[in-house]
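What follows is each chain in one-letter form.
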Amino acid sequence: MEESTGNFSIKYWAEDDQPREKLMLKGKAALSDAELIAILIGSGSRNESAVELSKRILASVDNNLNALGKQSLQQLMSFKGIGEAKAITIAAAMELGRRRRDEAGVDLKRITSSRAVFEIMQPIIGELPHEEFWILYLNNSNKVTYKAQLSKGGITGTIVDVRIVFKTALEQNATGIILVHNHPSGVLQASEPDKQITKQLKAAGQALSINVLDHVIVTENGYLSFADDGIL
């Protein structure tokens, strides 16, 4: 039986529309490389469909996506029907694929000490002129599966939303979290508000069986760990 949408079977669709409809009906894995590229470029020319143009582009690099990702904008634009906008779209998609591949090959960072937290977060917030509050979300092997900026404030402080912290923790299936914020002043001392928000988050986490493992204050050259100092 032919697949159809509405009153029209696939064979009556314009060829440039077929990849989109095929993806919706069968999923992205069902599409060929050429069909996926055809979705990116949207349309071909008067004499050539987007799918045919994509096949021709792939044939020029021996159907090798890695080689396609190395093509310059000028090389892509040498194909009739590929202008600057379409060339940029292809290049951007190839770059996203490369970055995804790189990230997939990186081992999750396991937290074995407060020093490991400092090494992750110092390059991100250690030298900022304003205060930021971040959360590291950990699995049951104490590996960081996700990290997120929770709030951003002035030099005098920032605001923490407890609901967002644990909503994200549940979404990430985290079993533990580590609180991290910076002190632009360079002073490694926990303030009363720092202690209060830690206590508040720890209590909320206990109700959800999500442990607050540490709260680390980061500066340009050092850090303070609530767990190490016995104030967690």
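Let us look at the structure shown here.

Notes on the packing of aromatic side chains
So, step 1. Following the criterion strictly, the structure yields two aromatic pairs and no others.
So, step 2. Judged by centre distance (5.9 Å) and plane angle (40°), the ring pair of Tyr 137 and Tyr 146 falls under tilted.

Digging into the environment of Asn 221
So, step 1. By the element assignment, Asn 221 lies in the loop between β6 (211-218) and β7 (223-225).
So, step 2. A relative accessible area of 71% places Asn 221 in the exposed class.
So, step 3. Separated by 99 residues in the primary sequence, Asn 221 and Gln 122 place their C-alpha atoms 8.3 Å from one another.

A word on helix α8 (residues 162-171)
So, step 1. Among all positions in α8, only Val 162, Val 165, Phe 166, Thr 168 and Ala 169 are buried. In an axial view of α8, the angular spread of the buried residues amounts to 155°, which keeps them on one side of the axis. Exposed residues pointing more than 90 degrees away from the buried face of α8 are listed as Arg 163, Lys 167, Leu 170 and Glu 171.
So, step 2. Close packing links the buried residues of α8 with β3 (132-138), β4 (144-152), β5 (176-182) and α9 (192-207).
So, step 3. One side-chain oxygen at the N-terminal end of α8 lies 3.0 Å from the backbone nitrogen of Arg 163; it belongs to Asp 161.

Notes on the side chain of Gln 122
So, step 1. Following the sequence through the fold, Gln 122 ends up in helix α7 (residues 114-125).
So, step 2. Residue contacts for Gln 122: discarding those within four places in its chain leaves Glu 127, Val 218, Thr 219 and Glu 220.

Quick look at the layout of surface pockets
So, step 1. The computed volume of the largest pocket comes to approximately 530 Å³.
So, step 2. Surrounding the largest pocket, 17 residues form its lining, Leu 65, Ala 93, Met 94, Gly 97 and Arg 98 being those nearest its centre.
So, step 3. Elements that contribute at least two residues to the lining of the largest pocket include exactly α2 (33-41), α4 (65-69) and α6 (84-104).
So, step 4. Considering each element in turn, the lining of the largest pocket owes the most residues, eight residues, to α6.
So, step 5. Residue composition of the lining of the largest pocket, grouped by class: seven nonpolar, three polar and seven charged.

Topic: the pattern of salt bridges
So, step 1. Across all of its chains, the model carries eight salt bridges by this definition.
So, step 2. A salt bridge links Glu 35 to Lys 22; the shortest N-O distance between them is 3.2 Å. With Glu 35 in helix α2 and Lys 22 in helix α1 (residues 18-26), this pair connects stretches of sequence that are 13 residues apart.
So, step 3. Given a relative accessible area of 16%, Glu 35 falls into the buried group.
So, step 4. Glu 119 is paired through a salt bridge with Arg 115; the nearest N and O atoms lie 3.6 Å apart. Highlighted residues: Glu 119 and Arg 115, both in helix α7, separated by four residues, approximately one helical turn.
So, step 5. Judged by relative accessible area, Arg 115 falls into the partly exposed class, the value being 42%.

The rules behind each value
- For every chain, the first residue of the written sequence is number 1, and numbering continues from 1 along that sequence.
- For a predicted model such as this one, the threshold for reporting local features is a pLDDT of at least 70, and the threshold for listing and counting side-chain atom pairs is 80 or more; totals across whole chains, interfaces and linings nevertheless cover every residue.
- Based on all heavy atoms of the structure, the side-chain values leave hydrogens and waters out of the count.
- Each aromatic pair joins two rings of Phe, Tyr and Trp (for Trp, the six-membered one) with centres within 6.5 Å, and gets the label stacked for planes under 30 degrees apart, edge-to-face for over 60, and tilted for any other angle.
- Secondary structure elements follow DSSP: runs of H or I of four or more residues count as helices, runs of E of two or more count as strands, with numbering from the N terminus.
- A 1.4 Å probe rolled over the protein chains alone gives each residue an accessible area, and that area as a share of the maximum for its type sets the label: buried under 20%, exposed over 50%, partly exposed in between.
- To obtain the arc, one takes the directions from the helix axis to the C-beta atoms.
- Throughout, a contact is declared for two residues whenever any of their heavy atoms are within 4.5 Å.
- In protein, a polar contact requires one atom able to donate a hydrogen and another able to accept it; more generally it is a pair of N or O atoms within 3.5 Å, and residues adjacent in sequence count only if both atoms are side-chain atoms.
- Cavity: a set of points on a 1 Å grid over the protein atoms alone where a 1.4 Å probe fits but cannot get out. Pocket: an open set with protein on both sides within 12 Å along at least five of seven lines, its lining residues, like those of a cavity, having an atom within 4 Å of a point.
- Grid points are joined across faces, edges and corners, and a volume is the space filled by probe spheres set on the points.
- Amino acids outside the nonpolar list (Ala, Val, Leu, Ile, Met, Phe, Trp, Tyr, Cys, Pro) and the charged list (Asp, Glu, Lys, Arg) are all regarded as polar, and Gly is one of them.
- A carboxyl oxygen of Asp or Glu within 4 Å of a side-chain nitrogen of Lys or Arg is what we treat as a salt bridge.

Remember that the coordinates give geometry; whether it matters functionally is a separate question.
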